[in-house]
Amino acid sequence: MNSVGAIWAACVVIAGCGGVGSTSGTDTGTGTSTTGPGIPGITSVTSSDSEPTVGSSTDGVVRYDVGGASDTGTCADADVKFEPQIPTVLLLIDQSGSMTSNFGGTDRWDAVYNALLDPDDGLVPHLEGQVRFGMALYTSFEGDEGGECPVITETPPALDNYGAIAATWEASQPEDETPTGESIAAVTPTLVMDPSEGTKIIVLATDGEPDTCAEPNPQNGQEESVEAAAAAFDQGVRTYVISVGNEVSDQHLQDVANAGAGVGPGDPDAAFYKADDAQALADAFADIVDGVRDCKLTLDGTVADGGEDECAVFVNGEVIPLDNDNGWQLNNPSEVELVGDACDAIQNGEVQVSIKCACGVVTPVG
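Let me sum up the structure you'll find in this document. Just so you know, these numbers come straight off a predicted model, no measurement behind them.

## Here's the deal with the state of the cysteines
Disulfides are covalent bonds that link the sulfur atoms of two cysteine residues.
Now for step 1: Using the criterion set out here, one finds two disulfides in the structure.
Now for step 2: What pairs with Cys 149 in a disulfide is Cys 213, and their sulfur atoms sit 2.0 Å apart. As the torsion about the S-S bond is roughly -85°, the Cys 149-Cys 213 disulfide counts as left-handed. Of this pair, Cys 149 sits in the loop between strand 10 (132–139) and strand 11 (151–158) while Cys 213 sits in the loop between strand 12 (200–206) and helix 5 (222–234), and the two are 64 residues apart along the sequence.

## Concerning unusual backbone geometry
Now for step 1: Omega for the peptide link from Cys 149 to Pro 150 comes to -5°, which places this bond in the cis form.
Now for step 2: On the secondary structure map, Pro 150 appears in the loop between strand 10 and strand 11.
Now for step 3: Between Asn 217 and Pro 218 the backbone carries a cis peptide bond, its omega angle lying at 0°.
Now for step 4: Note on placement: Pro 218 falls in the loop between strand 12 and helix 5.
Now for step 5: One non-glycine residue with positive phi stands out, namely Asn 316, at about 55°.

## Remarks on the side chain of Glu 337
Now for step 1: Of note, Glu 337 is situated in strand 20 (residues 335–338).
Now for step 2: Polar contacts involving the side chain of Glu 337 include one to the side chain of Asn 331, which spans 2.8 Å.
Now for step 3: Apart from residues lying up to four places away in sequence, Glu 337 is in contact with Cys 295, Lys 296, Gly 327, Trp 328, Gln 329 and Asn 331.

## Quick word on the packing of aromatic side chains
Now for step 1: Summed over all chains, the structure comprises two aromatic pairs.
Now for step 2: Aromatic side chains Trp 109 and Trp 169 sit 4.0 Å apart centroid to centroid with 20° between the ring planes, which places their arrangement in the stacked category. Placement of Trp 109 in helix 1 (residues 108–117) and of Trp 169 in helix 3 (residues 162–170) is noted, with a sequence separation of 60 residues between them. The residues Trp 109 and Trp 169 share a single accessibility class, namely buried.
Now for step 3: Where Tyr 113 meets Trp 169, the ring centres are 6.3 Å apart and the plane angle is 45°; that geometry is what we call tilted. Linking Tyr 113 in helix 1 with Trp 169 in helix 3, this pair joins segments that are 56 residues apart in sequence.

## Overview of empty space enclosed by the protein
Now for step 1: Per the stated rule, a full pass over the model turns up one cavity of 30 Å³ or more.
Now for step 2: Forming the walls of the largest cavity are Thr 180, Ile 184, Leu 204, Thr 206, Gly 208, Pro 210, Ser 225, Val 241, Val 248, His 252, Leu 253 and Val 256.
Now for step 3: If you list the elements that add at least two residues to the lining of the largest cavity, you get helix 4 (180–192), strand 12 and helix 6 (250–261).
Now for step 4: A class-by-class count of the residues in the lining of the largest cavity yields seven nonpolar, five polar and no charged.

## Considerations on the pattern of salt bridges
Now for step 1: Applying the stated criterion across every chain, the model contains three salt bridges.
Now for step 2: When the shortest N-O distance is used, the salt bridge between Asp 207 and Arg 108 registers 2.7 Å. Taken together, the residues Asp 207 in the loop between strand 12 and helix 5 and Arg 108 in helix 1 connect sequence positions 99 residues apart. Across the pair, exposure class does not vary: Asp 207 and Arg 108 are buried alike.
Now for step 3: For Asp 250, the salt bridge is made with Lys 274, and the minimal N-O distance between the two is 2.7 Å. Highlighted residues: Asp 250 in helix 6 and Lys 274 in strand 14 (residues 273–275), separated in sequence by 24 residues.
Now for step 4: Since its relative accessible area comes to 32%, Lys 274 is described here as partly exposed.
Now for step 5: Each member of the salt-bridge network shares a partner with another, and the members are Arg 108, Asp 207 and Glu 247.

## So, helix 6
Now for step 1: Under the 1.5 Å per step criterion, the end-to-end length of helix 6 is 16 Å for twelve residues, consistent within 8% with the ideal 16 Å.
Now for step 2: Counting buried positions over the twelve residues of helix 6 gives nine, a clear majority of the element.
Now for step 3: If you check which residues of helix 6 are buried, you get His 252, Leu 253, Gln 254, Val 256, Ala 257, Asn 258, Ala 259, Gly 260 and Ala 261.
Now for step 4: Buried-residue contacts for helix 6 involve helix 5, strand 13 (238–244) and strand 14.
Now for step 5: Phi turns positive one or two residues past the end of helix 6, at Gly 262, with a value near 70°.

The rules we used
- Residues numbered from 1 in each chain as written.
- Predicted model: local features only at pLDDT ≥ 70, side-chain atom pairs only at ≥ 80, totals over all residues.
- Heavy atoms only, no water.
- Disulfide = S-S within 2.5 Å.
- Helix = DSSP H or I, 4+ residues; strand = E, 2+ residues; numbered from the N terminus.
- Polar contact = N/O pair within 3.5 Å; in protein donor to acceptor, adjacent residues only side chain to side chain.
- Contact = heavy atoms within 4.5 Å.
- Phe/Tyr/Trp six-rings, centres within 6.5 Å; stacked < 30°, edge-to-face > 60°.
- Buried < 20%, exposed > 50% of the residue type's maximum accessible area, 1.4 Å probe, protein only.
- 1 Å grid on protein atoms, 1.4 Å probe; cavity = no way out; pocket = protein on both sides within 12 Å on 5 of 7 lines; lining within 4 Å.
- Points joined across faces, edges and corners; volume = space filled by probe spheres on them.
- Nonpolar A, V, L, I, M, F, W, Y, C, P; charged D, E, K, R; others polar.
- Salt bridge = Lys/Arg side-chain N within 4 Å of Asp/Glu carboxyl O.
- Expected span 1.5 Å × (residues − 1).

Keep in mind these numbers describe shape, not what the thing actually does.
Below, the structure is given as structure tokens:
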């Protein structure tokens, strides 16, 4: 599958310095002369397994060495880490009886399992340490006439949640009806009341037109589904929709996608997904989840006013530009955001990100 996890090995590095101005320095791990990236007061990068000195490390963290500083003028060497805001993703999966229909050599139910939960290739085991995944299976038994409606089997979102989600799936099977609108409404509070920071989304995977609890047949629940997606958006939860197969109309998929994204009159349509085979289904899930992985990085410290000019951000070892459409920006003293191509790299690839600032620019928390 196309999804790969992003590795955000990130730290802000504050090195001891007595003055400003870039000069030649020495790699304290190898003795090799190096030159810094033009940040005042920073002269070289070091990564060392030797005894620690100013600018060196015994834990593999890359730090800056500073030349020309006197013992009395040297400030403390410190690391300030920064972390991505972790998204919360609730997988809302249609559990209706039609999910047993053929789907390119398997059935729709097993195709969803393979895309999400296959131990080797599934999205959830691959990203469970970087995304708070939860799952809700939904159906009904003849709507209101069958008693409880909708019937939701839910595993609340959490990091490292693959085991719990897989156990829920293995204990379940396709059942009966498709009350999509009521099910979106039923699971939205799970995300609204979740205290975690970061983006919160519903990923709806369904294989048919929706019905309602009041009218399980025929499938006349389109309006309720669109209204539920719009109501979720109004509460800060976006809904994405995937058709498992080709039995959901493009118009309904577009209406749900637009409502779930808060698309207004004159705005461009939101994307929806229509998967006709197992690979397309896996790609759809991966595209959605990768796309909502946040490019905002929270610093464990604060950057001095105007100090971003004395910092450099690196993606896979390459400097990216400040205040550029494809670089980075400082949203507030404690939040860096990657934008454009730099954000795409975070969302779609295995990436190492680091930010390095001159002495005194970043004040660590505590």
